[in-house]
Amino acid sequence: MSIRTSVVWDYAPAPESADHVRLRDRYGLFIDGDFRDPVAGTYEPTINPATEEPIAEVAYAGPDDVSAAVEAAYAAQPKWGALPGLERGKYLYRIARLIQERARELAVVETIDGGKPLRESRDVDIPLAASHFFHYAGWADKLRYGVNAREVAPLGVVGQIVPWNFPLLMAAWKLAPALACGNVAILKPAETTPLTALLLAEICQEAELPPGVVSILTGNGDTGSALVRSNKIKKIAFTGSTAVGREIQAALAGTDVRLTLELGGKSANIVFEDAALDQAVEGIVNGIFFNQGHVCCAGSRLLIQESVRDEVIAKLWQRMRRLRVGDPLDKNTDVGAINSAEQLSRIEALVVAGEEEGATRQSIECELPERGYWFAPTLFTDVSPAHRIAVEEIFGPVVSVLTFRTQAEAIEKANNSRYGLAAGIWTDKGAKAFEVASALQAGVVWQNTYNHFDPTAAFGGYKESGFGREGGPAGLRPYLEVVR
Ligand code: NDP
């Protein structure tokens, strides 16, 4: 006899309209307040990872373009740096409001260019990008109070290189504090997700930001590499892989160029037996499947106390099976497209390694679209701490489960990583949460929540996850010279 609770309710498609989006066919480089052709004339298409269709052509900046941007920025900096903080703040407020005004368009473009579900770009990426500009607009005339009331000065021209997982949000994380502090910035977006940064360039024009204060150089890794090695750059801020971060650090060794690195992670999400397990399961899902797991602080190592292991895994699997994978523009989609073919093959290679090393794989059954790059949410159990899937950053919708018996063992296992970006603790006991949090080598520790971001809070890593902090007053320090 069929019972009512066994009925499977289908969702009707709920696609967000993209009709209001007016993208150009081709975008030049944003230098000295205007879009211009690259010197070598190279343009490449940026594609939609959910359909493999080209969206627009984007310029590739070569060394001559990088030099032109640096010169324009260098010329613009003295005037911008000399503006009263209150005036600089007004420009940042304007940018923040324009992001809010164009939020719907920015969300759709972020989703078609990067593959993330619209629900996330609409509810997380774009509002947070605006909040970062609002937050640092407020700091622009109070800089010295962020640095123990010392006298401060801007650094000059800063180069900023961002990845593809949160394109506009990372641009905001980097640009807002740099500009508030009186620096001028050259931003290099990732090759696969340049579009929202280019819309941000339009917003800078609309806000009448003085030419040269923000430049956007689209291109590839070589563009980033040329930016790092440019004369007249006073600071590089990089978010991306540990391998490239290491290369940048080597290139700048022995120079007076300041550097902050926000690199990879293999963050532990620790579930104690006294946790509210249903709430923890929601946090585990948000921790690893948010943005297809393309999150540097993703809770990709799930540490469960042995006494509740079976119960948590059963609940997690039941929840995972309800995740909706597919069209990122559909408002019901939980897990969208993988950002690129390269990223998909990296995920696949690590998942195969997990199976070969003896872990047990379960991937949810779901109908994946024929075109585009997709990976079904995956759970690995029987994982040993030495397995590659427990050590390396997968950067995809794949969670590896490990277990522990005691609090001390949980801490030891969580810290047993070359990374140290973030961690999650699920427990009903406040004292335990504080004790564990202070023993974890992680820049951010969430308690009974995960992937919670706020512009007022500092973010950054330990160990090979990088150094320097972004967000809040701590995020001002890397962009300021303390004069006395
Ligand atoms: P990268 O580190 O290569 O890319 C990050 C940014 O650096 C991009 O803008 C990229 O440009 C640029 N870049 C690439 N090479 C250089 C260089 N030599 N000098 C200066 N800038 C450079 O990350 P990938 O996109 O290759 O991803 C690889 C892996 O890195 C992922 O699988 C994931 O594990 C990890 N990753 C971690 C991130 C994090 O936030 N922690 C973010 C992204 C990736 P372009 O895109 O044009 O090549």
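Note that the structure is predicted; figures quoted are calculated from it, not measured. (Residues numbered from 1 in each chain as written. Predicted model: local features only at pLDDT ≥ 70, side-chain atom pairs only at ≥ 80, totals over all residues. Heavy atoms only, no water.)

A short note on the domain arrangement of the protein
How big an interface is tends to be stated in terms of accessible area lost as the parts join. Domains assigned within the protein are domain 1 (26-263 + 463-482) and domain 2 (268-447). Relative placement of domain 1 and domain 2: their C-alpha centres are 30 Å apart. Residue-level contacts link 31 residues of domain 1 with 31 residues of domain 2. With both chains or domains summed, domain 1 and domain 2 bury close to 2,700 Å², and 53% of this area falls on carbon and sulfur atoms. The tally of links from domain 1 across to domain 2 stands at 3 salt bridges. Residue Arg119 pairs with Asp334 through a salt bridge whose shortest N-O separation is 2.6 Å. Linking domain 1 to domain 2 there are 18 residue pairs in polar contact (both at pLDDT 80 or more). Of the residues in the side of domain 1 that touches domain 2, the class split is 11 nonpolar, 9 polar and 11 charged. (Domains from an automatic or database assignment. Contact = heavy atoms within 4.5 Å. Buried area = accessible area lost by both parts, 1.4 Å probe. Salt bridge = Lys/Arg side-chain N within 4 Å of Asp/Glu carboxyl O. Polar contact = N/O pair within 3.5 Å; in protein donor to acceptor, adjacent residues only side chain to side chain. Nonpolar A, V, L, I, M, F, W, Y, C, P; charged D, E, K, R; others polar.)

Focus on the site of the ligand
Near the ligand lie 28 residues; those nearest to it are Val162, Trp164, Glu191, Ser241 and Leu263. One of the backbone N or O atoms of Gly240 is found 3.4 Å from a nitrogen atom in the ligand. A total of 850 Å² of accessible area belongs to the ligand in isolation, and the protein chains cover 88% of it. Those elements that provide at least two residues to the shell around the ligand are helix H8 (221-228), strand S10 (233-239), helix H9 (242-252) and helix H12 (341-356). Residue composition of the shell around the ligand, by class: 12 nonpolar, 11 polar and 5 charged. Counting contributing residues, the shell around the ligand receives three or more from each of domain 1 (26-263 + 463-482) and domain 2 (268-447). (Near = heavy atom within 4 Å. Areas by Shrake-Rupley, 256 points an atom, 1.4 Å probe, with all protein chains shown as cover. Helix = DSSP H or I, 4+ residues; strand = E, 2+ residues; numbered from the N terminus.)

Examining the pairing of strand S5 (residues 54-59)
Inspection of the sheet shows strand S1 (residues 26-27) paired to S5 by 2 bridges, in the parallel sense. In the sheet register, Tyr27 faces S5, and the bridge partner there is Val58. Relative to S5, strand S4 (residues 43-47) runs antiparallel, the two sharing 5 bridges. Counted as the bridge partner of Pro45 is Glu57 from S5. (Pairing = 2+ DSSP bridges.)

So, the sheet that holds strand S13 (residues 301-305)
Neighbouring strands of a sheet are bound in pairs by backbone hydrogen bonds; such pairs are parallel or else antiparallel. Pairing in this open sheet of 7 strands is mixed, and the strands run S14-S15-S16-S13-S12-S18-S19 from one edge to the other. Single-partner strands in this sheet number two, and they are strand S14 (360-363) and strand S19 (444-447). Each strand of the sheet is rotated relative to its neighbour by a mean of 20 degrees, with strand direction disregarded. Relative to strand S15 (residues 378-381), S14 runs antiparallel, the two being bridged by 4 bridges. In the sheet register, Arg361 faces S15, and the bridge partner there is Phe380. Taken strand by strand, H12 contacts S14, S15 and strand S16 (398-404), and its axis lies near 30 degrees from that of S15. Strand contacts of helix H14 (residues 407-415): strand S12 (268-271), S13 and S16, with the helix running at about 170 degrees to S13, the strand carrying the most contacts. (Axes fitted to C-alpha atoms, helices over the stretch in contact; angles between N-to-C directions.)

Things to note about the pattern of salt bridges
Within the structure shown, the criterion is met by 28 salt bridges. With its nearest N and O atoms 3.1 Å apart, the salt bridge here joins Lys90 to Glu87. One end of the pair, Lys90, and the other, Glu87, are both in helix H2 (residues 85-101), 3 residues apart, so they sit about a helical turn from each other. For Lys90, a relative accessible area of 42% corresponds to the partly exposed category. By relative accessible area, Glu87 is classed as partly exposed at 29%. Across the pair Arg418 and Glu464 runs a salt bridge, and its minimum N-O distance is 2.7 Å. With a gap of 46 residues between them, Arg418 in the loop between H14 and strand S17 (419-420) and Glu464 in the loop between strand S20 (462-463) and strand S21 (466-467) connect regions that are remote in the sequence. What makes Glu464 partly exposed here is its relative accessible area of 29%. Within this structure, Arg24, Arg102, Glu105, Glu202 and Glu206 form a network of salt bridges that share partners. (Buried < 20%, exposed > 50% of the residue type's maximum accessible area, 1.4 Å probe, protein only.)

Points about the sheet that holds S5
The strand order across the open sheet built from 3 strands is S1-S5-S4, with neighbouring strands paired in mixed fashion. The two strands at the open ends of the sheet, each matched to only one other strand, are S1 and S4.

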